[in-house]
Amino acid sequence: MTASSEGLRTPAEKEFRSYTVSTLLMLIAPAVMAFYYYRWRALGLLAVSILTAVLCDALGTALMRRRPGIDTVYAALTGAMIALLLPASAPYWLPAAGSAFAIVAAKLPFGSAQKTPFVPAAAGIAFLCVCWPELVFTYPAVAMEQPGQVLVTGSKDFVEGASFASMLRVHNSISGNILSYFNAVIGKVPGPMGATCMLVMFGVAIAFFMFHSSLWLSSAGFVAVCSVCSVLFPRILTGRKLSLTMEISAGMLVFTALFLLPNPATLPKTHLQRLIYGMAAGALCMLLRYFGAYEEGACFAVLLMNAAWPMVESMMRDRQGKKLPPAASQLENGGGTHA
């Protein structure tokens, strides 16, 4: 009798299921902040994105005659992440297009969610960045006096705000007063509607560490390298502290570290490799921010690491095999003499 017929799951399946459910629950916090600043517009974008992802996954699963299982929840998670990484002024078709691409192109062709070589949400956001950058990187100004009054990008009376990422790209800085730091902490800055509140991101990071300490290593490496780069190579002239604040608070960086990068399906297996994986992704993210075509490179860094890491692992195994004595190499590969 197989493990599946007994209702049992492998450790990898249990880890993936736990990650999917807990991450979807943790997304409630940034979704609440998005609702606080943008009201029903934020919920509408979330609903469209999640519904599109779930429907595409259900249709594709049915056509391929597969059992949905945890994939339905993972599709909802993918749709939620894509919506929260977009501006609240995005037209409703934009998150739908991103979610459809994520599921149809980055998940379904590879089977279940546990077998995808790329993080579907990162693929969906990258697709939107390449096709419609003017919609993805144009953010509405945050108005506390009239929260929720968000118009679609490009419409009459639309008020565009300057995001930290766009300011850094042209080497502009915020003022160094306490109000500027406070606004960065509470998310009262233009940016992706679910990724600007650093206070919420800090709370999510604590929860993530408590429930998934092994996955958290990749996130820690990612943020650490991005922080070091922002201090050593600032893009503004007003000080390293402001550079660190703006780089970490800008765009999708922290959201990517917590929600996109630590995907068990694409992460290495050992703790040390996960830390190295996250650090390499952080270095790629900053390189893309400094020299890339777009103001944000976090999602592209995740996809590049998804593509490159299997080759890195293969080279590491080959190098390790060459260091082993012939007898040890035979035993590691399942060979050896038989009595």
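Conventions we followed
Residues numbered from 1 in each chain as written. Predicted model: local features only at pLDDT ≥ 70, side-chain atom pairs only at ≥ 80, totals over all residues. Heavy atoms only, no water. Helix = DSSP H or I, 4+ residues; strand = E, 2+ residues; numbered from the N terminus. Rg over C-alpha atoms; globule rule 2.2 N^0.38 Å. Buried < 20%, exposed > 50% of the residue type's maximum accessible area, 1.4 Å probe, protein only. Areas by Shrake-Rupley, 256 points an atom, 1.4 Å probe, with all protein chains shown as cover. Lys, Arg positive; Asp, Glu negative; His and termini not counted. Charge placed at Lys NZ, Arg CZ, Asp CG, Glu CD. Contact = heavy atoms within 4.5 Å. Phe/Tyr/Trp six-rings, centres within 6.5 Å; stacked < 30°, edge-to-face > 60°. Lys NZ or Arg CZ within 6 Å of the ring centre and 35° of its normal. Core = buried A, V, L, I, M, F, W, Y, C linked by side-chain atoms within 4.5 Å. Salt bridge = Lys/Arg side-chain N within 4 Å of Asp/Glu carboxyl O. 1 Å grid on protein atoms, 1.4 Å probe; cavity = no way out; pocket = protein on both sides within 12 Å on 5 of 7 lines; lining within 4 Å. Points joined across faces, edges and corners; volume = space filled by probe spheres on them. Nonpolar A, V, L, I, M, F, W, Y, C, P; charged D, E, K, R; others polar.

Undergrad: Summarise the overall build of the protein chain; cite the residues concerned and give the values.
TA: Each helix and strand counted, the protein chain has 16 helices and 2 strands in total. The globule rule puts the C-alpha radius of gyration for 339 residues at 20 Å, and the 21 Å found for the protein chain is close to it. When its C-alpha atoms are laid out on the principal axes, the protein chain stretches across 80 × 50 × 35 Å. Residues classed as buried in the protein chain amount to 49% of the 339 residues present. For the protein chain, the computed accessible surface area is about 16,000 Å², with 68% contributed by carbon and sulfur atoms. The average position of the 23 basic charges and that of the 15 acidic charges among the side chains of the protein chain differ by 3 Å.

Undergrad: Outline the environment of leucine 86, listing residues and values.
TA: Take leucine 86: it is sitting in the loop between helix H4 (71-84) and helix H5 (93-106). Under the relative-accessibility criterion, leucine 86 is labelled buried at 1%. In this view, leucine 86 contacts Leu94, Pro95, Ile125, Leu128, Val136, Pro192 and Met193; residues no more than four positions away in its chain are not counted.

Undergrad: Residue-level account of the packing of aromatic side chains, with values.
TA: This model, assessed by the stated rule, comprises 14 aromatic pairs. Ring centres of phenylalanine 16 and tyrosine 19 lie 6.2 Å apart, and the angle between their planes is 45 degrees; on these two criteria the pair is classed as tilted. Remark: tyrosine 19 and phenylalanine 16 occur in helix H1 (residues 11-26); sequence separation between them is 3 residues, near one turn of the helix. Here phenylalanine 16 and tyrosine 19 have matching classes, each one buried. Both rings, one in phenylalanine 127 and one in tryptophan 132, keep their centres 5.8 Å apart while their planes meet at 90 degrees; by these two values the pair is edge-to-face. A relative accessible area of 24% means that tryptophan 132 is categorised as partly exposed. The ring of phenylalanine 35 carries the charged tip of arginine 39 above its face, separated from the ring centre by 5.9 Å. Lying over the aromatic face of tyrosine 92, arginine 41 brings its terminal NZ or CZ to 4.3 Å of the ring centre.

Undergrad: Kindly report on the environment of valine 204, identifying the contributing residues and their values.
TA: With respect to the secondary-structure elements, valine 204 resides in helix H10 (residues 198-211). Along the backbone, valine 204 and proline 30 are 174 residues apart, and their C-alpha atoms lie at a distance of 8.8 Å. Setting aside chain neighbours within four positions, we find valine 204 in contact with Met26, Ala29, Pro30, Leu258 and Phe259.

Undergrad: Lay out the nonpolar core with the relevant residues and their values.
TA: Residues Met193, Phe255 and Phe259 are the most contacted members of the largest nonpolar core, which totals 80 residues. No other element matches the 8 residues that helix H15 (residues 298-323) contributes to this core. By size, the runner-up hydrophobic cluster in this structure holds 12 residues, among which are Phe164, Ile174, Val189 and Ile236.

Undergrad: With reference to specific residues and values, describe the pattern of salt bridges.
TA: Under the definition given, this model contains 6 salt bridges. The salt bridge partner of glutamate 247 is arginine 235, with a shortest N-O separation of 2.8 Å. With glutamate 247 in helix H12 (residues 240-249) and arginine 235 in the loop between helix H11 (213-232) and H12, this pair connects stretches of sequence that are 12 residues apart. On the accessibility criterion, glutamate 247 (0% relative accessible area) is buried. Among the ionic pairs, arginine 289 bridges to glutamate 247, the shortest N-O distance being 2.9 Å. Remark: glutamate 247 occurs in helix H12 and arginine 289 occurs in helix H14 (residues 271-291); sequence separation between them is 42 residues. Several salt bridges share partner residues, and in doing so they unite Arg235, Glu247, Arg289 and Glu296 into one network.

Undergrad: Before we move on, can you summarise the environment of glycine 154 with the specific residues and values?
TA: Within the secondary structure layout, glycine 154 lies in the loop between strand S1 (139-140) and strand S2 (160-161). Sequence-wise, glycine 154 and proline 91 are 63 residues apart; in three dimensions their C-alpha atoms are separated by 9.9 Å.

Undergrad: Any details on empty space enclosed by the protein? Residues and values, ideally.
TA: This model, assessed by the stated rule, comprises 2 cavities of 30 Å³ or more. The calculated volume of the largest cavity comes to roughly 60 Å³. What lines the largest cavity is a set of 13 residues, and nearest its centre among them are Met33, Met193, Gly194, Thr196 and Cys197. A per-element tally of the lining of the largest cavity places helix H2 (residues 28-38) first, with 5 residues. Here the second largest cavity defines a volume of roughly 30 Å³. Surrounding the second largest cavity, Phe137, Tyr139, Ser163, Ala165, Pro192, Gly251, Met252, Glu295 and Glu296 form its lining. Across the lining of the second largest cavity, the residue classes break down as 5 nonpolar, 2 polar and 2 charged.

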